[in-house]
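Here is what each chain is made of, one letter per residue.
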Amino acid sequence: MKLWKLLLLMGLLVLAGGALLLGVNFLVLPSMVHSNKVVTMPDIRGMSQSGASSQLRVLQLDVEVARQMAHPTIPEGMILDQIPAPEARIRGGRTVRVVTSSGPPAGLLPNLTGLSLRQAEITLQRERFRVGRVLKLRRRGVTQSVVDYQNPQAGTQLFKGAVVDLVVAEPAATDLMRMPDLRGVPLFKARQVIADAGCVLAPVLFERTSRSQPNLVLSQEPPAGERIRKGERLELVASSR
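These notes cover the structure that comes with them.

**With respect to unusual backbone geometry**
Thinking step 1. Put simply, I83 and P84 share a cis peptide bond, and its omega is 5°.
Thinking step 2. When you line up the elements, P84 lands in the loop between β3 (79-83) and β4 (89-91).
Thinking step 3. Between E221 and P222 the backbone carries a cis peptide bond, its omega angle lying at 5°.
Thinking step 4. You can see P222 is positioned in the loop between β14 (217-221) and β15 (227-229).
Thinking step 5. Positive phi is not limited to glycine here, since Q60 has a value of about 60°.
Thinking step 6. As for its position among the elements, Q60 is in the loop between α2 (49-57) and β2 (62-69).
Thinking step 7. Here Q60 falls in the partly exposed class, since its relative accessible area comes to 48%.

Here it is as structure tokens:
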């Protein structure tokens with residue numbers, strides 16, 4: 001066979017192959033896709049990936065995990081979101097993309113020992129843990145209410161939202177007394193009351209005012225009626241001119 005005939009034959013074969021490929025792309029595949037029924041997308045949020053796959057298989061739909069994200073309450077592997085959305089119309093043979101939960105984010109439990117109950121609650125809330133049972137025990141020798149024990153222990157790796165139980169040590173009842181109301185009392189007398197109670201007076205703060213005589217107690221910390229203990233540090237604000 002002459003060379004020009006061979007080249008012509010090869011050219012015709014290439015053209016025929018290209019035409020066949022175009023025919024498949026533009027005629028056969030579209031007809032196959034559009035032969036699938038249009039269905040209503042079900043709500044698969046909150047389902048496991050395997051459960052969603054079983055339900056969608058009946059509708060000739062596939063499932064693909066697009067990404068994972070942490071969630072404080074939804075367990076790992078459960079579906080958080082989906083594309084297309086529920087009730088959308090979708091043709092069979094398509095793929096549904098989902099976002100699944102990787103479970104609650106984890107973190108190290110901070111050390112709460114020595115903190116007041118309120119400080120412990122704030123710390124746990126900031127770190128996205130929760131306060132569980134709180135047991136209060138009175139102990140002699142304890143001068144202030146502080147966390148004495150925590151369960152789990154500090155440094156434990158926990159899921160966010162986990163519950164932490166606390167034991168709070170409190171001063172024995174015999175060591176407690178009621179804070180007197182010192183407002184309006186002359187400063188020298190307030191000093192004497194505090195000394196007689198066995199408490200410690202912090203440096204007095206003075207506030208200029210024309211509404212009262214000088215050297216009268218304007219405010220106090222702790223407030224009147226609150227339980228205090230011997231040796232506790234008390235603060236006063238007194239008037240001055």
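**Thoughts on helix α3 (residues 117-126)**
Thinking step 1. Of all the residues in α3, the buried ones are L117, A120, T123 and L124. Each buried residue of α3 lies within a common arc of 125° when the element is viewed along its axis, so the set occupies one face. Those residues of α3 that are exposed and angled more than 90 degrees off the buried face are R118, Q125 and R126.
Thinking step 2. Buried residues along α3 sit in contact with β7 (130-139), β8 (146-151) and β10 (163-171).
Thinking step 3. After α3 finishes, the residue R128 shows a positive phi value of roughly 65°.

**Quick notes on the sheet that holds β8**
Thinking step 1. Read from one edge of the open sheet, 3 strands run β7-β10-β8, paired in mixed fashion. One side of each edge strand has no neighbouring strand; the edge strands of this open sheet are β7 and β8. Neighbour to neighbour, the strand axes of the sheet diverge by 25° on average, direction disregarded.
Thinking step 2. In terms of strand pairing, β7 meets β10 through 8 bridges, oriented parallel. Of the residues in β10, the one forming a bridge with L137 is A169.
Thinking step 3. Each of β7, β8 and β10 touches α3; the most contacted strand, β7, lies at about 165° to it.

**Digging into the nonpolar core**
Thinking step 1. Among the nonpolar cores identified, the biggest contains 13 residues, and L182, L187, A190, I194, V217, L234 and L236 are the most heavily contacted of them.
Thinking step 2. Looking at this core, the elements that each hand over two or more residues are α4 (187-196) and β16 (233-240).
Thinking step 3. Among residues more than four places away in sequence, those in contact with V217 are L182, R183, G184, V185, L187, A190, L236, V237 and A238.
Thinking step 4. L112, A120, L124 and V147 belong to the second largest nonpolar core, which has 12 residues in total.

**Quick word on the sheet that holds strand β5 (residues 95-101)**
Thinking step 1. Read across the sheet, 3 strands follow the order β2-β5-β3 without closing on themselves; strand pairing throughout is mixed. At either margin of the open sheet sits one strand with a lone partner, and together these are β2 and β3. The sheet shows a mean angle of 25° between the axes of neighbouring strands, taken without regard to direction.
Thinking step 2. Where β3 lies against β5, 4 bridges are found, and the strand directions are antiparallel. Paired with I83 across the two strands is R97, which belongs to β5.

Analysis parameters
Residues numbered from 1 in each chain as written. Predicted model: local features only at pLDDT ≥ 70, side-chain atom pairs only at ≥ 80, totals over all residues. Heavy atoms only, no water. Helix = DSSP H or I, 4+ residues; strand = E, 2+ residues; numbered from the N terminus. Buried < 20%, exposed > 50% of the residue type's maximum accessible area, 1.4 Å probe, protein only. Arc of directions from axis to C-beta. Contact = heavy atoms within 4.5 Å. Pairing = 2+ DSSP bridges. Axes fitted to C-alpha atoms, helices over the stretch in contact; angles between N-to-C directions. Core = buried A, V, L, I, M, F, W, Y, C linked by side-chain atoms within 4.5 Å.

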